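Residues per chain are reported as follows:
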Amino acid sequence: MRLSRYFLPILKENPREAEIVSHRLMLRSGMIRQQGQGSFSWLPMGKRVLDKVCKIIREEQDRAGAQEILMPTIQSADLWIESGRYNDYGKEMLRIRDRQDRAMLYGPTNEEMVTDIFRSYVKSYKDLPLNLYHIQWKYRDEVRPRFGVMRSREFLMKDAYSFDIDYEGARAAYNRMFVSYLRTFARVGMQAIPMRADTGPIGGDLSHEFIILADTGESAVFCHRDFLDLPVPGADTDFADDAGIDGIVKAWTTPYAATDEMHDENAWEEVPEGDRMAARGIEVGHIFHFGEKYSKPMNAKVTGPDGKEHFVSMGSYGIGPSRLVAAIIEASHDENGIIWPESVAPFDVALINMKAGDADCDRACDELYDALGAAGVDVLYDDTDQRPGGKFATADLIGLPWQVIVGPRGVAAGEAEVKNRKTGERETMPLSAVAARFG
Ligand code: ATP
Ligand code: MG
Ligand code: MG
Ligand code: MG
């Protein structure tokens, strides 16, 4: 992509309304635009990151055995009346009426709808376990929408729902999602710590929040330093091996970790003082087991091996990809801008032509652009006529992992400079070696 043709509305000034660094940097680097209270458009640069995050989430959901569907955003109130949640949900739910004056709502979550799908088709234990997920916009009329896409009213959520014949099966489904989340957050370059969490309005008795530590996080959290060194399960993890998966969950739930609602002072006292991390955290994911909470009132049951009917035991598993993008920036930036982890970077390389219009520089950059493209590298080519200083500032702000810098002196010597955005390390190499360096 040539920057001269790319829709990248960079802001020179710090937007006043942005209280935290991720919100500031997302607005400044032209990733998002605010459209209303808690409502944002994703511009090309932001959309690329969001798509990369969603792709990783999908791959890890699929690997763990979940299947993707897509449910509507607008739901009928009837399902929620059936589950008993229509009144309980309160003001966070956006309630709408259609032209026939039917009560509708913009979904804040999808337990009811997915339970309705399930009960319409699945009648036997032989069709279990089943886990269905989608990535869809949600609406919650938050009391205090703030911090940009971190707490917005319309936001993207990956929500998965598991169905099993009994508690044992549901527990295994919960464990698979737990491990899938460990892999997902590690792959987007984050260290997310699973913490025992309150089950809140969804109810149930088993729940973990996945928390990224950051000073600007809204929750106070308490955890053992050991989490920082726990190995993340590899791509070869066998999700069909219940005992193996359970072992991973045990390892990741043994050190102390709790959000403030679940914090237990006595247990905390037992953690050696030097190992205690009392910090702020951002909730990027949340998994629940809630058993028959919806299957019972909504009559979702299957015939078991005993020939009897059983209400299915369910769980739900959420990740907020839009919040996660902001959380990644909170955890990975410096005073000059964003530092994207390679796995979610909108482009791999910023190719900087220090003297656009100079025939030799243009030719060298065009050749590099083609060679990098042919090697499968995503390049944002700064071919604009801005001053070099401005180009460097833009490249640092948008935070692509690598910068390839081409100027008249380098070209004369047949060389380019390669800079690592994270470490600041620079390396000079022959122009002819650049594509192979990244390909
Ligand atoms: P919070 O405690 O921050 O209000 P929640 O507990 O209400 O979040 P869940 O119902 O657990 O959220 O939803 C699953 C995930 O959806 C959350 O872990 C978070 O990543 C994301 N999410 C929830 N609310 C928002 C929001 N207002 N804006 C962006 N993402 C959100
Ligand atoms: Mg909430
Ligand atoms: Mg919460
Ligand atoms: Mg939650």
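Everything that follows concerns the structure shown earlier in this document.
Residues numbered from 1 in each chain as written. Chains lettered and ligands numbered in written order. Predicted model: local features only at pLDDT ≥ 70, side-chain atom pairs only at ≥ 80, totals over all residues. Heavy atoms only, no water.

1. Some points on the coordination of the magnesium ion (ligand 4)
Within the first shell, the magnesium ion (ligand 4) binds the protein through Glu283 (OE) and His286 (ND1), at distances of 2.1 to 2.3 Å. Between the magnesium ion (ligand 4) and the magnesium ion (ligand 3), the interatomic distance is 3.1 Å, and glutamate 283 donates to each metal, bridging them. (Donors = N, O, S within 2.8 Å, 3.2 Å for Na, K, Ca; no water.)

2. Section: helix H13 (residues 431-438)
Taken residue by residue, H13 has Leu431, Val434, Ala435 and Phe438 as its buried positions. When H13 is viewed along its axis, its buried side chains cluster within an angular range of 85° and face the same direction. The exposed set on the far side of H13, more than 90 degrees from its buried face, consists of Ser432 and Ala436. Along its buried surface, H13 packs onto strand E19 (349-353), helix H10 (359-374), strand E21 (402-406), helix H12 (408-412), strand E22 (415-420) and strand E23 (426-430). (Buried < 20%, exposed > 50% of the residue type's maximum accessible area, 1.4 Å probe, protein only. Helix = DSSP H or I, 4+ residues; strand = E, 2+ residues; numbered from the N terminus. Arc of directions from axis to C-beta. Contact = heavy atoms within 4.5 Å.)

3. Some points on the side chain of lysine 391
Among the secondary structure elements, lysine 391 is positioned in helix H11 (residues 388-398). Contacts of lysine 391, omitting those with residues within four sequence positions, involve Ile352, Asn353, Ala356, Asp382, Asp383, Thr384 and Gln386.

4. Remarks on the packing of helix H2 (residues 44-63) against helix H6 (residues 167-187)
Running from N to C, H2 and H6 cross one another at 150°; their axes reach a closest spacing of 9 Å. The angle between H2 and H6 places the two elements in the roughly antiparallel class. Every pair of crossing elements has a handedness; the one defined by H2 and H6 is right-handed. For the pair formed by H2 and H6, the contact residues are Ile56, Ile57, Glu59, Glu60, Gln61 and Arg63 on the first element and Met177, Ser180, Tyr181, Arg183, Thr184 and Arg187 on the second. (Axes fitted to C-alpha atoms, helices over the stretch in contact; angles between N-to-C directions. Parallel < 35°, antiparallel > 145°, perpendicular 65-115°, else oblique. Left-handed = near helix turned anticlockwise from the far one by under 90°.)

5. Here's the deal with the site of ligand 1
Around ligand 1 there are 14 residues in total, and Glu142, Arg151, Ser152, Glu283 and Arg323 lie nearest to it. Within the backbone of valine 284, an N or O atom sits 3.1 Å from an oxygen atom of ligand 1. At 3.2 Å, a backbone N or O of glycine 320 approaches an oxygen atom of ligand 1. In isolation ligand 1 offers 580 Å² of accessible surface; the protein chains occlude 84% of this area. (Near = heavy atom within 4 Å. Polar contact = N/O pair within 3.5 Å; in protein donor to acceptor, adjacent residues only side chain to side chain. Areas by Shrake-Rupley, 256 points an atom, 1.4 Å probe, with all protein chains shown as cover.)

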